[in-house]
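# Breakdown of the fold
Below, each chain spelled out in residue letters.
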Amino acid sequence: MVMLVVAFVSFSLFNFVGDPINNMVGEETSDEERDQIREDLGLNDPVHIQFIRFTGNALKGNFGISYQLRRPVSELITERLPATLELVVISAIIALVSGTLLGVYTGINRKGFLSDVILAISLLGVSLPTFVIGILFIYLFAVILGILPSFGRGEVVDLGFWSTGFLTLSGLKAIILPSVTLSLFQMTYIIRLVRAEMMEILQTDYIKFARARGINEKSIHYKHALKNGLIPVITIAGINIGTLIAFSIITETVFQWPGMGFLFIQAVKFVDIPIMSAYLVFIAFVFVMINFIVDILYYFIDPRIRVKSEAVSG
Amino acid sequence: MASQRLTLLSRIKDSDIYFSFIKSPTAIVSSVILVIIFFCSFFVEFVAPFNPFDPSSLSLMEAFTPPSWSEKGMTKYILGTDGQGRDMLSTILYGSRISLIVGFSAILFSLLLGVTLGLTAGYFGGKYEMIVMRLTDVQLTVPSILMALLVDGIARGIISRELHDEMAIYVLIFAIGISEWPQFARVSRAATLVEKNKDYVSASTIIGVSNILIMFKHILPNIMRPVLVIGTIGLALAIIAESTLSFLGVGVPPTTPSLGTLIRIGNDFLFSGEWWITFFPAIFLVLLAFSINLLGDWMRDTLNPKLN
Amino acid sequence: MSFLKIKNLSVDYKMRRETINAAKNVNIDVNKGEILGLVGESGSGKSTVGNAIINLIDEPGRVSKGSIVLDGIDIHADPQNIVKYRGKKIGLIFQDPQTSLNPILTIGEQLIETIQTHLNLNVDDAKNKAINLLKEVGIKDAETRFDNYPHQFSGGMRQRVVISLALCCEPELLIADEPTTALDVSIQSQILDLIKKLTKERNLAVILITHDMGVIAETADRVAVMKNGDLVEIGPTKELLTKPKEIYTKSLVSSVPPTNKKISRFKIIEKENKKQSDTNIKILNRWVKKEISDKDLVQVESLSKTFDDSFFIESSKNSVMAVNDVSFSIKEGQSFGLVGESGSGKSTIAKMIVNLFKPSSGDIYFNDVCVTKIKSNKEMLKFRKQIQMIFQDPYSSLNGRLKVKDIVSEPIKLHNPSVSSKDLDDYIYDLLESVELTQQSAERYPHEFSGGQRQRISIARALATQPRLLVCDEPTSALDVSIQAQILNLLKDLQEQLNLTILFISHDLPVVRQMCDRIAVLKNGKLCEISNTEDLFIKPKHDYTKELLKLMPKIESIYK
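In this report, we go over the structure that sits alongside the text. None of the values given here were measured: they were computed from a predicted structure.

### Quick look at the overall build of chain C
A tally of helices and strands in chain C yields 19 helices and 20 strands. The C-alpha atoms of chain C give 26 Å as radius of gyration, which agrees with the globular expectation for 560 residues (24 Å, within 12%). Over its C-alpha atoms, taken along the principal directions, chain C stretches across nearly 75 × 55 × 45 Å. A fraction of 70% describes how many contacts in chain C between residues 6 or more apart in sequence connect residues 24 or more apart. In chain C, 76 side chains carry a positive charge and 73 a negative one; their mean positions are 2 Å apart.

### Description of the overall build of chain B
A count of helical and extended segments in chain B gives twelve helices and zero strands. Starting at the N terminus, the α and β elements of chain B follow one another as α-α-α-α-α-α-α-α-α-α-α-α. Within the span of chain B, comprising 308 residues, buried residues form 53% of the whole. Here the analysis covers contacts within chain B between residues at least 6 apart in sequence; of these, 70% occur between residues at least 24 apart.

### Examining the environment of Phe-109 of chain B
Residue and element names in this part refer to chain B. Within the secondary structure, Phe-109 sits in helix α5 (residues 88–124). Sequence-wise, Phe-109 and Ala-148 are 39 residues apart; in three dimensions their C-alpha atoms are separated by 14 Å. If near-sequence neighbours (up to four positions away) are discounted, Phe-109 is found in contact with Ile-173, Phe-174, Gly-177 and Ile-178.

### Quick notes on helix α6 (residues 113–127) of chain A
The end-to-end C-alpha distance of α6 of chain A is 21 Å, a good match for the 21 Å that 15 residues give at a rise of 1.5 Å each. Restricting attention to buried positions, one finds in α6 of chain A the residues Ser-115, Ile-118, Leu-119, Ser-122, Leu-123, Gly-125, Val-126 and Ser-127 of chain A. Contacts made by the buried residues of α6 of chain A are with α5 (73–108) and α8 (169–202) of chain A together with α10 (211–248) and α12 (276–303) of chain B.

### Some thoughts on the interface of chain A and chain B
Put simply, an interface is often sized by how much accessible area is lost when its parts join up. Counting residues at the interface gives 42 residues for chain A and 40 residues for chain B. Summed over both sides, the interface between chain A and chain B buries roughly 3400 Å², with carbon and sulfur atoms accounting for 81% of that surface. In terms of surface lost to chain B, no three residues of chain A exceed Ser-127, Phe-131 and Ile-135 of chain A, which account for 16% of the buried area on that side. Arg-192 of chain A is the partner of Asp-297 of chain B in a salt bridge, and the nearest nitrogen-oxygen pair spans 2.4 Å. Where chain A meets chain B, there are two residue pairs in polar contact (both at pLDDT 80 or more). Broken down by secondary-structure element, the contributors of at least two residues to the side of chain A that touches chain B are α6, α7 (130–144), α8, α10 (217–254), α11 (260–269) and α12 (273–301) of chain A. For the side of chain A that touches chain B, the class distribution of residues is 32 nonpolar, seven polar and three charged.

### With respect to the packing of aromatic side chains
Residues and elements named next belong to chain B. The tally for this structure, following the rule as stated, stands at 13 aromatic pairs over all chains. Seen in terms of ring centroids, Phe-39 and Phe-43 are 5.0 Å apart; in terms of plane orientation they differ by 45°. Their pairing is tilted. Classification of Phe-43 as partly exposed rests on a relative accessible area of 40%. Considering the side-chain rings of Phe-109 and Phe-174, the 5.7 Å spacing of their centres and the 50° angle between planes classify their relative orientation as tilted.

### Focus: the nonpolar core
Soluble globular proteins: nonpolar side chains tend toward being buried together. Core analysis: the largest hydrophobic core is formed by 121 residues, its most contacted members being Phe-131 and Phe-264 of chain A. The dominant element in this core, judged by the number of residues it contributes, is α12 of chain A, at 14 residues. When residues no more than four places from it in sequence are discounted, the contact partners of Phe-264 of chain A are Ile-249, Met-276 and Tyr-279 of chain A together with Leu-146, Leu-149 and Leu-150 of chain B. Listed in part, the 90 residues of the second largest apolar core include Val-26, Ala-130, Ile-131 and Ile-195 of chain C.

### Overview of the interface of chain B and chain C
The partner chain C presents 27 residues to the 24 residues of chain B that form the contact. Interface area, chain B with chain C, both sides summed: about 2300 Å², of which 58% is carbon and sulfur. Counting every contact that joins chain B to chain C gives one salt bridge. Between Lys-217 of chain B and Glu-410 of chain C there is a salt bridge whose closest N-O contact spans 3.2 Å. At the surface where chain B touches chain C, the tally comes to nine residue pairs in polar contact (both at pLDDT 80 or more). Those elements that provide at least two residues to the side of chain B that touches chain C are α1 (2–14), α2 (16–22), α6 (126–141), α9 (199–207) and α10 of chain B.

### Some details on the pairing of strand β20 (residues 526–532) of chain C
All names here are of chain C. Summarising the sheet, strand β19 (residues 518–523) and β20 pair through six bridges and their orientation is antiparallel. Bridging from a neighbouring strand, Ala-520 pairs with Ile-530 of β20. In this structure, the hairpin formed by β19 and β20 is closed by a connection of two residues, where Asn-524 is found at a positive phi of approximately 45°.

### Considering the sheet that holds strand β4 (residues 61–70) of chain C
All names here are of chain C. Strand order across the open sheet formed by four strands is β2-β1-β4-β5, with antiparallel pairing between neighbours. In this open sheet, the two edge strands, each paired with only one partner strand, are β2 (19–30) and β5 (73–74). Most of the contacts of helix α1 (residues 46–53) go to strand β1 (residues 4–14), to which it runs at about 110°, and overall it touches β1, β2 and β4.

### Re the sheet that holds strand β9 (residues 222–227) of chain C
Residue and element names in this part refer to chain C. Taken in spatial order, the six strands make up an open sheet running β6-β7-β8-β3-β9-β10, and their pairing is mixed. Each edge of the open sheet carries a strand with a single partner, namely β6 (90–93) and β10 (230–236). Pairwise comparison of adjacent strand axes, ignoring direction, gives a mean angle of 15° for this sheet. Pairing analysis gives four bridges linking β6 to strand β7 (residues 173–177), with the strands arranged parallel. When the bridges of β7 are listed, Gly-91 appears paired with Leu-174. Of the strands in this sheet, β3 (35–40), β6, β7, β8 (205–210) and β9 are in contact with α1, which crosses β8 at around 145°.

### What about the packing of helix α11 (residues 259–267) of chain B against α12 of chain B?
All names here are of chain B. Packing of α11 against α12 brings their axes to within 7 Å, and their N-to-C directions diverge by 150°. What the angle tells us is that α11 and α12 run roughly antiparallel. For the crossing formed where α11 meets α12, the hand is left-handed. Contacts from Leu-259, Leu-262, Ile-263, Gly-266 and Asn-267 in α11 reach Ile-277, Thr-278, Pro-281, Ala-282, Phe-284 and Leu-285 in α12. For the contact of α11 with α12, the residue count by class is eight nonpolar, three polar and no charged.

### Some remarks on α11 of chain A
Counting buried positions along α11 of chain A gives seven out of ten residues, so the element sits mostly inside the fold. The secondary structure elements touched by the buried residues of α11 of chain A are α5, α10 and α12 of chain A together with α7 (144–158) and α10 of chain B. Just downstream of α11 of chain A, Val-271 of chain A is the residue with a positive phi angle, here 50°.

### Some words on a nonpolar patch on the surface
Residues and elements named next belong to chain A. Where nonpolar side chains cluster on the molecular surface, the patch consists of Phe-285, Met-289, Phe-292, Ile-293, Ile-296, Leu-297, Tyr-299, Phe-300, Ile-301 and Ile-305 and spans about 940 Å² of accessible area. Looking at the nonpolar patch, the element that brings in the most residues is α12, giving nine residues. Here Phe-300 lies in helix α12.

### Re the packing of α5 of chain A against α8 of chain A
Angle between the axes and distance between the axes: these two values describe a pair of packed helices. Residue and element names in this part refer to chain A. Direction vectors running N to C along α5 and α8 enclose 30°, while the axes themselves pass 6 Å from each other. In the crossing of α5 with α8, the sense of the turn from one axis to the other is right-handed. Among the residues forming the contact of α5 with α8, the class breakdown is 19 nonpolar, ten polar and two charged.

### As for the environment of Glu-246 of chain C
Residue and element names in this part refer to chain C. Secondary-structure assignment places Glu-246 in the loop between α9 (237–242) and α10 (247–255). Separated by 13 residues in the primary sequence, Glu-246 and Glu-233 place their C-alpha atoms 7.0 Å from one another. Contacts of Glu-246, omitting those with residues within four sequence positions, involve Val-232 and Glu-233.

### A closer look at unusual backbone geometry
Peptide bonds are trans in most cases, and residues, glycine excluded, mostly fall at negative phi. Backbone geometry at Asn-355 of chain C places phi at a positive 65°, although glycine is not the residue there. Checked against the element boundaries, Asn-355 of chain C lands in the loop between α11 (346–353) and β14 (361–366).

### A short note on the pattern of salt bridges
All names here are of chain C. One pass over the full model with this rule turns up 33 salt bridges over all chains. We note a salt bridge from Lys-89 to Glu-172, for which the minimum N-O separation is 3.0 Å. Of this pair, Lys-89 sits in the loop between α2 (82–85) and β6 while Glu-172 sits in the loop between α6 (155–167) and β7, and the two are 83 residues apart along the sequence. Through salt bridges that share partners, Lys-32, Asp-71, Lys-89 and Glu-172 make up one connected network.

Conventions we followed
Residues numbered from 1 in each chain as written. Chains lettered and ligands numbered in written order. Predicted model: local features only at pLDDT ≥ 70, side-chain atom pairs only at ≥ 80, totals over all residues. Heavy atoms only, no water. Helix = DSSP H or I, 4+ residues; strand = E, 2+ residues; numbered from the N terminus. Rg over C-alpha atoms; globule rule 2.2 N^0.38 Å. Contact = heavy atoms within 4.5 Å. Lys, Arg positive; Asp, Glu negative; His and termini not counted. Charge placed at Lys NZ, Arg CZ, Asp CG, Glu CD. Buried < 20%, exposed > 50% of the residue type's maximum accessible area, 1.4 Å probe, protein only. Expected span 1.5 Å × (residues − 1). Buried area = accessible area lost by both parts, 1.4 Å probe. Salt bridge = Lys/Arg side-chain N within 4 Å of Asp/Glu carboxyl O. Polar contact = N/O pair within 3.5 Å; in protein donor to acceptor, adjacent residues only side chain to side chain. Nonpolar A, V, L, I, M, F, W, Y, C, P; charged D, E, K, R; others polar. Phe/Tyr/Trp six-rings, centres within 6.5 Å; stacked < 30°, edge-to-face > 60°. Core = buried A, V, L, I, M, F, W, Y, C linked by side-chain atoms within 4.5 Å. Pairing = 2+ DSSP bridges. Axes fitted to C-alpha atoms, helices over the stretch in contact; angles between N-to-C directions. Parallel < 35°, antiparallel > 145°, perpendicular 65-115°, else oblique. Left-handed = near helix turned anticlockwise from the far one by under 90°. Patch = residues over 30% accessible without salt bridge, like charges linked within 9 Å, V, L, I, M, F, W, Y side chains within 5 Å. Areas by Shrake-Rupley, 256 points an atom, 1.4 Å probe, with all protein chains shown as cover.

Everything listed here is a matter of coordinates, which is why it stays silent on function.
Written out as structure tokens, the structure is:
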């Protein structure tokens, strides 16, 4: 459903925003030639036929040719995809793991000094725009200290279908700053959400009742509260990965990381519609997959969804 | 009349909100900072030492002057100058005005849109509610910055390039505003659902009060607390979004630079050692966002609405 | 030497403006094998005492003074130590079984964990013990239900699971904080019987915290009465209820609606009770009095209402028949009662009569006009003017953002837009005084009033349109008994003097007996029987009515 809507939006983008012919050819092209191209591209066909053709092509991974770079979009995307995915996966792990841990810690130890410090930093983190963090990191680690590279992916190893930066030292060094930058904003966000969730659960009656039964605090925190608290974290994690992909646009710009976000921002500036619509379809696909996985995880974790309540008379 | 005003004042003084405000140093400090920033930005013509957009006052000779306390600094340029010899302090104040105007307008736009849709959806329910909520769900999964980028990209496609510079600020407001409204819609719908089931709404219906009046006279004031909290946090987000877009080069045109534009321009000089050109606008931006977030955080704790 | 001795217990809540003493120098002892009833109205400190025993008081409260001696040991001497007594020596039961259990652990996991915390048993032994316990508290198929999650149990069953959890490590003291308040009458009596049985079999010392004098009369051996943190009186149940010594206890007992007879008014015993006489109903002069006729004002004909679970797809499987083919009629000036447990459809019927819900089928006639067929807004407004409603929850029924003046004036202005501001003010004052509120109340906001006063504001608002029918949906069930008595008196006075027709909805049979001329009994959306009040109570026809009457807690049972 969502995919169809997105496909339609990107199709409209493709067709109605600006004149594709104008974008493709130079000023000196004659009207006859334009008509010829129009006919060749099938732009004179009825809209629904064009839409079906667009969807069919999209399914085959064919999004046309970039106006600006004059190369097939699918080629550009597959070339850039590994860089973005490696960045996002590393950032997601950093953000989720440390965010959840710190969130649980501050939720349980509400009044500790360390909690206050973590909270103050997390609020600062929410206020720091990603690009500012990136610039500060570059200035600190690349300009002043000179220990980490400030741009690019370093050396990459080409595995044929995938080019990875994980296998070389320079590649690993290069990913540190961008991934930490990207994860920081999300991490602070997760800390706050998890903390709020834990605090709310610790107020509930069943926690009180568990206390009244003499269950020890450790079990109350880590067995009773944490398990309930982690259920919403799954949703957060899902949204988090989506957001990271979007924010990778900024990080990639700051660190000149050769990923899809960098490609996209160039496309927006030069109104390179085929790349924009392909990126949109890609993002939508990722979101739909994430939602699907989140739903499945919920099914396994929350008994209220898995086990239907039977009608029992009391 | 006087006595009535007095009672209003004493009511405010008596309220828990006032009490928790004067008990919270962070709330006081952050609101003082905000008041100063707002004041300086909106009366920038009278406050700023220079007008950085007046070419006659610029001198390329004085470009790249470092801040006044460093060796080569000049006292008249407290925070130094940029590559065109513009006073940094003045440029920052002018820039923050743009950032604030865009931020406020965008958040106001999304607040009006979101609350109206959320309130009506929650109140009327049915298929209308389903459509509105499905729309917010879909849009909430798309991160706001991406949404804003898309809107901006589309606008660039539709509007011709010359017009675009003029329209840029409106496009930006629209792009940020349209990406933030689902938050307001969700929160106000959730609050409306709670309020709608309260008996005072039933009582009004039974008395014969019309739907419009019930929604705007009875329900709206009761759902404003969570909306204001979201609005405050949203303002910080909108300002950050604006600066991010400007930093990416798709925001306001360089002729009227906002904080984000200034940081982007300054970023180019970072490696050659002119750190202050990007550093001060960045600090200013963080200070602004941090103060708003501190205030928003305090509001959330005090008004204690259930968010999400 | 009693088993539990509470000595000079004081609990303070340090608030912003002042320190609230939730309990002041309370002395209570409980023996083994006895149920001590701890009664009081809201804010009396009864729950505070219960929580203080196991040192689980919510922030910012703390025990400021006193000692709690259990079996000869002062368990509060070392605050760290108290944890060992929780669950092991002292069991606690909370009010709401819906929220007392962890939703994502099976009841078996929760039982085994609790057992293993205190008793040195391996998993198999703990499981055996748990299953035996579940059987003991009356859960069938305990072996299979053991692996179920809490949401798979109904409310009454869940409370049984809670009891088994509280008792699984064989505590000797059981504290039950309003254990049946969230349950229906029929389930309430089952749970109370279970507690009584366990007390005897296990020789428990039980503290039963409740606001319900009927529950006390039927279960407690001794009673302690609390008010504003003070222990007012303590003694054997029979003695205390029949021959109360303190004024407060007397007024509390006399406020309880008797189940065995109808009285004209509740006796209000208070220290500064100046005007016990009939209330001065000022709005009488404004009232256009209808002559008493023998006509039916309301006729309900085979009314049904179905709620669909999913509004998207019309499916018959998920739909619930909330009201099923109900017919009755109410004569002008009559007071008609609708009685039933939760889910009986009584509130749904009320909401259809005031036209908040549309019936799925059937008709409602008001003054010979078919309510369901009103089309124009003007007609509807005319109808709205004649029917008003009073709600259960005094807190949610008033808009907290409006002054009392604006709340009461809204209906007046709506139905008479040309009213002058002078007349309007006079009208508002008359209304407020008729419900025994001062003129000054008009300028204040709802949160400045207590629950009972808010209910009076609600009544004033309802009277502002000069209705002929007043629908009262559980108007006193959220109030303390003494306040309930005042509000019921007020409603009676208003009805008499203004010749109002009242539709009174309640789950509380004694209250209905005091208020109504005719009563309809509902169960699961169906009508069981309609008859005149005294007939219904003396010779009920339907089996369900008989059962309800048998199970309702009776304060008079103490005389037997």
